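Topology and contacts: notes
One-letter residues, chain by chain:
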Amino acid sequence: QVTDATEIPEAIAKAFHIAAAGRPGPVLIDITKNAQLQLFEYAGYKKCSHIRSYRPEPEIRNEYVERAAELINQAQKPFVVFGQGVILGNAEEEFKAFIEKVNLPAAATVMGLSALPTDHPLHVGMLGMHGNYAPNVMTNECDVLIAVGMRFDDRVTGRLDKYAKQAKVIHLDIDPAEIDKNVKTTVPVWGNCKKTLPLLTALLQENDHSDWLQQFRELEKEEIREVIQNELNPVTDTMTMGEVIKVLNELTNGDAIIATDVGQHQMVSCRYADFNHSRSSVTSGGLGTMGFGLPAAIGAWYGAPEKTVVAIIGDGGFQMTIQELGTIMQFGAKVKILILNNEFLGMVRQWQQLFHDRRYSFVNITSPDFVAVAKGYYIEGQKISERKDLKTAMETMLSHDGAYLLEVMVGKENNVFPMVTQGSSVSEIRLK
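What you are looking at is a predicted structure, and each value in this text was computed from that prediction instead of being measured.

Conventions we followed
- Residues numbered from 1 in each chain as written.
- Predicted model: local features only at pLDDT ≥ 70, side-chain atom pairs only at ≥ 80, totals over all residues.
- Heavy atoms only, no water.
- Axes fitted to C-alpha atoms, helices over the stretch in contact; angles between N-to-C directions.
- Helix = DSSP H or I, 4+ residues; strand = E, 2+ residues; numbered from the N terminus.
- Parallel < 35°, antiparallel > 145°, perpendicular 65-115°, else oblique.
- Left-handed = near helix turned anticlockwise from the far one by under 90°.
- Contact = heavy atoms within 4.5 Å.
- Nonpolar A, V, L, I, M, F, W, Y, C, P; charged D, E, K, R; others polar.
- Expected span 1.5 Å × (residues − 1).
- Buried < 20%, exposed > 50% of the residue type's maximum accessible area, 1.4 Å probe, protein only.
- Pairing = 2+ DSSP bridges.
- Patch = residues over 30% accessible without salt bridge, like charges linked within 9 Å, V, L, I, M, F, W, Y side chains within 5 Å.
- Areas by Shrake-Rupley, 256 points an atom, 1.4 Å probe, with all protein chains shown as cover.
- Salt bridge = Lys/Arg side-chain N within 4 Å of Asp/Glu carboxyl O.
- Phe/Tyr/Trp six-rings, centres within 6.5 Å; stacked < 30°, edge-to-face > 60°.
- Lys NZ or Arg CZ within 6 Å of the ring centre and 35° of its normal.
- Core = buried A, V, L, I, M, F, W, Y, C linked by side-chain atoms within 4.5 Å.

Take the packing of helix α10 (residues 241-252) against helix α17 (residues 390-399) next. At a minimum axis distance of 10 Å, the contact between α10 and α17 shows a crossing angle of 50 degrees. Taken as axis vectors, α10 and α17 run oblique relative to one another. Remark: the crossing between α10 and α17 carries right-handed chirality. Between α10, through Glu243, Val244, Val247, Leu248, Leu251 and Thr252, and α17, the contact on the second element is made entirely by Leu390, Lys391, Met394, Glu395 and Leu398. By residue class, the composition of the contact of α10 with α17 is seven nonpolar, one polar and three charged.

Here it is in structure tokens:
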């Protein structure tokens, strides 16, 4: 709390240091009303790089790095799960060198997407409730589980008492509070993974786990046959969310920044979008905040105005921050808004269908004319409902010089699979 205006420059400098150092996060500065109105002589901003007794990065313990390397060198079925810590630590290249030296299959959390290019030969998909079949099943088959910059949240683990009980667990994390919080760790490796990964990689013996990796690929074929083929190449008259993402991939070559809202479209986007560059997936983790997509996309465009930024949003989430169209209008953010409209709060509806015998309660949505609303903010747009118009409409959106809104009507009761249902183990993931 700042009670005197002369304290403001130092408080701001400290706040930026704390927010960006170690495990980054928000900092609250409470400035009292009298300090806000007070005048003082401002001597200029002095960047803060150190605060006494504040140690954002724990000391790296070499003995733990050595023990971790020993476990990996002995492993027959090692498996890497990685999260946003790789991205926040700017450790993408170090991570790639780590998995490539030992040919380690690696799977991303939702927040870890884009740390490793989607088409990397060792990338085996996304973990979690609506993640890919192979990495979820194989979590309970591996003998060494290596977690890098992730926190073992419940969407990744499913039932904790049935999660990777057969495996020795190595956990690399910058925050000691995450070690042993949810999953008991065999070897903890504290520190920024940009520093710990090279130390670990140097101690690893080159290996070929191609037979183990092939087991992932066999399960992947099953998922393609049972789920992905029908989602990306449907035979139904109505469009699917997956085929919309497929066309977006084809037109952007996986180079766009994609910001999603929360819901079915989010899971479909995370599952099927191609991410060739780090920090190109912007999505709401944790509790999942509907309304996140549009303001996040605006922020992403300001961070990288040379990039194509696409906000993928559901018809429910869009109305929660629809007023941000005013921000786009006033400041000229060239954001592409792709609304996947299924006329439902889709994720809630899916649960009510699967577990409550279609007793739908407050999930039907009647939306306004989104294109007309956008035009009221001087933003161009169009609405399509037929497959034959999809590619042309998407090309129009992407080539338009400025913000653009494209509303695509998709199947009303399509579900997102695979799915780890509540109270289930990750190896009990459902394909349908």
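For the rest of this paragraph, the subject is helix α1 (residues 8-20). Across its 13 residues, α1 extends 18 Å between first and last C-alpha, which sits within 8% of the 18 Å expected from 1.5 Å per residue. Those residues of α1 that fall on the buried side of the exposure criterion are Ala11, Ala13, Ala15 and His17. Positive backbone phi, at 60 degrees, marks Gly22, one or two positions downstream of α1.

So, about the pairing of strand β5 (residues 168-173). Judged by how many residues are buried, β5 sits mostly within the fold: five of six residues are covered. Where strand β4 (residues 144-148) lies against β5, five bridges are found, and the strand directions are parallel. In the strand pairing of β5, Val148 is matched with Leu172. Where β5 and strand β6 (residues 187-190) come together, four bridges link them in parallel fashion. From the neighbouring strand, Asp173 faces β6, where its bridge partner is Trp190.

All right, on to the sheet that holds strand β7 (residues 257-260) then. Judged by pairing direction, the sheet is parallel, and its six strands sit side by side in the order β8-β7-β9-β10-β12-β11 without closing on themselves. A single partner strand is all that each edge strand has here, and the edge strands are β8 (281-282) and β11 (380-384). As judged from the two bridges shared by β7 and β8, these two strands associate in the parallel manner. Bridge assignment links Ala259 to a residue of β8, and that residue is Val282. Its contacts with the sheet put helix α12 (residues 293-303) on β7, β8, β9 (309-314) and β10 (336-341), and the angle it makes with β9 is roughly 175 degrees. Contacting β9, β10, β11 and β12 (404-409), α17 runs over the sheet at an angle of about 160 degrees to β12.

The two faces of a sheet get side chains in turn, since along a regular strand they alternate between them. Counting buried positions along β10 gives six out of six residues, so the element sits mostly inside the fold. The alternating pattern of β10 places Lys336, Leu338 and Leu340 and Ile337, Ile339 and Asn341 on opposite faces, both of which are buried. Here β9 pairs with β10 via five bridges, running parallel. Looking at β10, one finds that Ile313 is bridged to Ile339. In this sheet, β12 lies alongside β10 in parallel orientation, the contact comprising six bridges. Bridging from a neighbouring strand, Lys336 pairs with Tyr404 of β12.

Taken together, the side chains of Phe16, Phe40, Tyr42 and Tyr45 make up a nonpolar region of the molecular surface, amounting to roughly 470 Å² of accessible area. By secondary structure assignment, the location of Phe16 is in helix α1.

One pass over the structure, following the stated rule, counts ten aromatic pairs. Geometrically, the ring pair formed by Trp212 and Phe216 is edge-to-face, given 5.0 Å between the ring centres and 80 degrees between the ring planes. Taken as a pair, Trp212 and Phe216 lie in helix α9 (residues 210-232) at a separation of four residues, close to a single helical turn. Both residues of the pair, Trp212 and Phe216, belong to the buried class. An aromatic cluster of at least three residues, connected via ring pairs, comprises Phe79, Trp212 and Phe216. Positioned above the aromatic ring of Phe344 is the side chain of Arg349, whose terminal nitrogen or guanidinium carbon lies 5.7 Å from the ring centre.

Attention now moves to the nonpolar core. Nonpolar side chains tend to gather and get buried jointly when the protein is soluble and globular. Counting 101 residues, the largest nonpolar core has Phe95 and Phe98 as its most contacted members. Ala259, Ala297, Ala304 and Ile339 belong to the second largest nonpolar core, which has 26 residues in total.

With respect to the helices and strands, Glu94 occurs in helix α5 (residues 92-102). Judged by relative accessible area, Glu94 falls into the buried class, the value being 19%. The contact partners of Glu94, leaving out residues within four places of it in the chain, are Lys194, Leu197 and Pro198.

Once that is clear, we can look at helix α15 (residues 346-355). When α15 is considered as a whole, its buried residues turn out to be Gly346, Met347, Arg349, Gln350, Gln352 and Gln353. Taken together, the buried residues of α15 touch α11 (264-272). Count one or two residues on from α15 and you reach Asp357, which has phi positive near 55 degrees.

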